[in-house]
Amino acid sequence: MKIVIVGPGALGSLIAALLTKTKEDIWLLDKDEARAALLERKGLRLEGLASMEAKVNASADPKEIGAADLVILCVKSYDTKKAMTLARPLVPERGAVLTLQNGIGNIEIANEVMGEERVIGGVTIVGATLVDTGVVRYTGKGETVIGKIDGSITVELRTIRELFIRAGLQTRISRDIKGALWSKLVINAGINALTALTRLPNGKLLDYEGTRTVMRQAVTEAVKVAKRKRIKLTYDDPLSKVEAVCEATAGNISSMLQDVLKKRRTEIDAINAVIVRHGQESGIPVPVNTLLVELVKTIESSYGAAVS
Ligand code: PAF
């Protein structure tokens, strides 16, 4: 099976390295030619919960990779359209696209480019920090959930689940992937912006009264919005779940904090801003998520002006 992971960030590199354990034909597609060449030469290295080195094929040219059975999107949510357009030739007539990205909206964009029947949604709650190109610290193990938006259980889904399990990723299929995506959204809404603002690793958010209070408020708003949209979350006690993820990924620098430390754009538009938009549409007050969005957006647009 040829599997192409698009985006060699923390999650993409982790998934690619773990998938090499399956002995399938694993490729990384990177828009950056020089970095792809480096990854091909150096390979991938995992530290932390898994310690391994992996040789991997990497390219910036879909033609060099050829037709794939599965494309896994691990790019930032604001790059989904570009990444899908780049990866489109890899799956000309057959082959599936699985999105494992944070936030809401990625499936819809992938559907636009590929057509709904080829797209699989996914969420993964792993903690991964990119230490250097191709070097990932694996800091938290969590469940991966995959599913089709129409709820059907296909042979493809079963194949991907088996593949991920062989790679060491605890994986299950869901008939309600929308519920799984919103369940991850609530987790990200409670963790990511707070880590970006305080510069704390996930676990430390639980050590301070202030971060605990804001987390509780952000999560409460997000859950109210999800309920109004009749989304069924995959857990009964959302705040306990968010806290459990903080504990399970305690040493992790969240993806949003990694972005801020690298002075890059964050995924705030696909996370807390989604809660704000849906909250406003349905008349649910979302002041805490609004504040988190405003502050993270200010950080994003003021890297040059910030005192270090
Ligand atoms: O975005 C992230 O960093 C991750 O989704 C998670 C689970 C919050 C762990 O840091």
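Residues numbered from 1 in each chain as written. Predicted model: local features only at pLDDT ≥ 70, side-chain atom pairs only at ≥ 80, totals over all residues. Heavy atoms only, no water.

S.K.: I would appreciate a short explanation of the packing of helix H7 (residues 177–198) against helix H8 (residues 209–228) in the present structure.
M.R.: The axes of two packed helices give the description: the angle between them and the distance between them. Contact geometry of H7 with H8 gives a least axis separation of 9 Å together with a crossing angle of 150°. Our classification of the angle between H7 and H8 gives roughly antiparallel. As H7 packs across H8, the resulting crossing turns out to be right-handed. Between H7 and H8, the contacting residues are Trp182, Val186, Ala189, Gly190, Leu194 and Thr198 on the first element and Thr211, Val214, Met215, Ala218, Val219, Ala222, Val223, Val225 and Ala226 on the second. Class assignment of the residues belonging to the contact of H7 with H8 gives a composition of 12 nonpolar, three polar and no charged. (Axes fitted to C-alpha atoms, helices over the stretch in contact; angles between N-to-C directions. Helix = DSSP H or I, 4+ residues; strand = E, 2+ residues; numbered from the N terminus. Parallel < 35°, antiparallel > 145°, perpendicular 65-115°, else oblique. Left-handed = near helix turned anticlockwise from the far one by under 90°. Contact = heavy atoms within 4.5 Å. Nonpolar A, V, L, I, M, F, W, Y, C, P; charged D, E, K, R; others polar.)

S.K.: Quick question: what am I supposed to make of the layout of surface pockets here?
M.R.: The method is simple in principle: a probe with the dimensions of a water molecule rolls over the atoms, and the space it marks as empty is what remains. In this model, the largest pocket occupies a volume close to 1,000 Å³. Contributing elements (two or more residues each) for the lining of the largest pocket: helix H1 (10–19), helix H4 (80–87), strand E9 (127–132), H7 and helix H10 (255–261). With five residues, the top contributor of residues to the lining of the largest pocket is H7. When grouped by side-chain class, the residues that make up the lining of the largest pocket number 18 nonpolar, 16 polar and 12 charged. Residues from two domains meet in the lining of the largest pocket; each of domain 1 (2–175) and domain 2 (179–301) gives at least three. Taken together, 18 residues make up the lining of the second largest pocket; nearest its centre are Ile125, Glu143, Ile187, Lys241 and Val245. Contributions of two or more residues to the lining of the second largest pocket are made by H7 and helix H9 (238–248). For the lining of the second largest pocket, the per-class residue count stands at nine nonpolar, four polar and five charged. A domain split of the lining of the second largest pocket shows at least three residues from each of domain 1 (2–175) and domain 2 (179–301). (1 Å grid on protein atoms, 1.4 Å probe; cavity = no way out; pocket = protein on both sides within 12 Å on 5 of 7 lines; lining within 4 Å. Points joined across faces, edges and corners; volume = space filled by probe spheres on them. Domains from an automatic or database assignment.)

S.K.: Whenever I open this one, the pairing of strand E6 (residues 70–73) confuses me. Can you help?
M.R.: Here E6 shows no split at all, with Leu70 and Ile72 on one side and Val71 and Leu73 on the other all buried. Of the pairings in the sheet, the one linking strand E1 (residues 2–6) to E6 comprises four bridges and is parallel in character. From the neighbouring strand, Ile3 faces E6, where its bridge partner is Leu70. Relative to strand E7 (residues 96–99), E6 runs parallel, the two sharing four bridges. Counterpart to Leu70 in the pairing with E7 is Ala96. Crossover handedness for the path E6 to H4 to E7: right-handed. (Buried < 20%, exposed > 50% of the residue type's maximum accessible area, 1.4 Å probe, protein only. Pairing = 2+ DSSP bridges. Right-handed = clockwise from strand over helix to strand, strands pointing away.)

S.K.: Can you help me understand helix H5 (residues 106–114) in this one?
M.R.: Given 3.6 residues per helical turn, the α-helix brings residues three or four places apart onto the same face. Every buried residue of H5 is accounted for by Asn106, Ile107, Ala110, Asn111 and Met114. For H5, the angular spread of the buried residues around the axis is 135°, confining them to a single face. In this fold, the buried residues of H5 make contact with H4, E7, strand E8 (119–124) and H7. Just downstream of H5 lies Gly115, where phi reads positive at about 95°. (Arc of directions from axis to C-beta.)

S.K.: Would you explain the sheet that holds strand E12 (residues 171–173) in this entry?
M.R.: Neighbouring strands of a sheet are bound in pairs by backbone hydrogen bonds; such pairs are parallel or else antiparallel. With respect to topology, eight strands assemble into an open sheet ordered E5-E2-E1-E6-E7-E8-E11-E12, the strand pairing being mixed. Only two strands of the sheet have a single neighbouring strand rather than two, namely strand E5 (57–59) and E12. Strand after strand, the sheet turns through a mean of 25° between neighbouring axes, direction not considered. Lying on the sheet, H1 is in contact with E1, strand E2 (25–29), E6 and E8; it crosses E1 at an angle near 160°. Helix H6 (residues 155–166) rests against E1, E6, E7, E8, strand E11 (144–147) and E12 of the sheet, and its axis sits at about 170° to E12.

S.K.: Would you mind showing me how to read the environment of Arg228 here?
M.R.: Considering the arrangement of structural elements, one finds Arg228 in helix H8. Sequence spacing of Arg228 and His278 is 50 residues, and the spatial spacing of their C-alpha atoms is 9.3 Å. Excluding its chain neighbours within four sequence positions, the residues that come into contact with Arg228 are Ser282 and Ile284. A polar contact of 2.8 Å, which involves the side chain of Arg228, links it to the backbone oxygen of Ser282. (Polar contact = N/O pair within 3.5 Å; in protein donor to acceptor, adjacent residues only side chain to side chain.)

S.K.: What am I meant to see in the side chain of Asn102 here?
M.R.: Tracing the backbone through its elements, the reader meets Asn102 in the loop between E7 and H5. Looking at Asn102, its side chain comes within polar contact range of the side chain of Lys184, at 2.7 Å. Those residues in contact with Asn102 that sit more than four places away from it in its chain are Ser77, Lys184, Asn188, Asn192, Ser255, Glu267, Ala270 and Ile271.

S.K.: What should I look at first to understand the site of the ligand in this one?
M.R.: Surrounding the ligand, one finds Asn102, Ile125, Lys184, Asn188, Asn192, Asn202, Asn252, Ser254 and Ser255. Note that an oxygen atom of the ligand is positioned 3.3 Å from one of the side-chain N or O atoms of Lys184. Between the ligand and the protein, one listed contact pairs an oxygen atom with a side-chain N or O atom of Asn188 at 3.0 Å. When the ligand sits alone it has 280 Å² of accessible area, and the protein chains cover 95% of it. Using a 2 Å cut-off from the grid points, one finds that the ligand occupies the largest pocket. When residues of the shell around the ligand are assigned to their parent elements, the largest contribution, three residues, is made by H7. Of the residues belonging to the shell around the ligand, the class tally is one nonpolar, seven polar and one charged. (Near = heavy atom within 4 Å. Areas by Shrake-Rupley, 256 points an atom, 1.4 Å probe, with all protein chains shown as cover. Sits in = over half its atoms within 2 Å of the grid points.)

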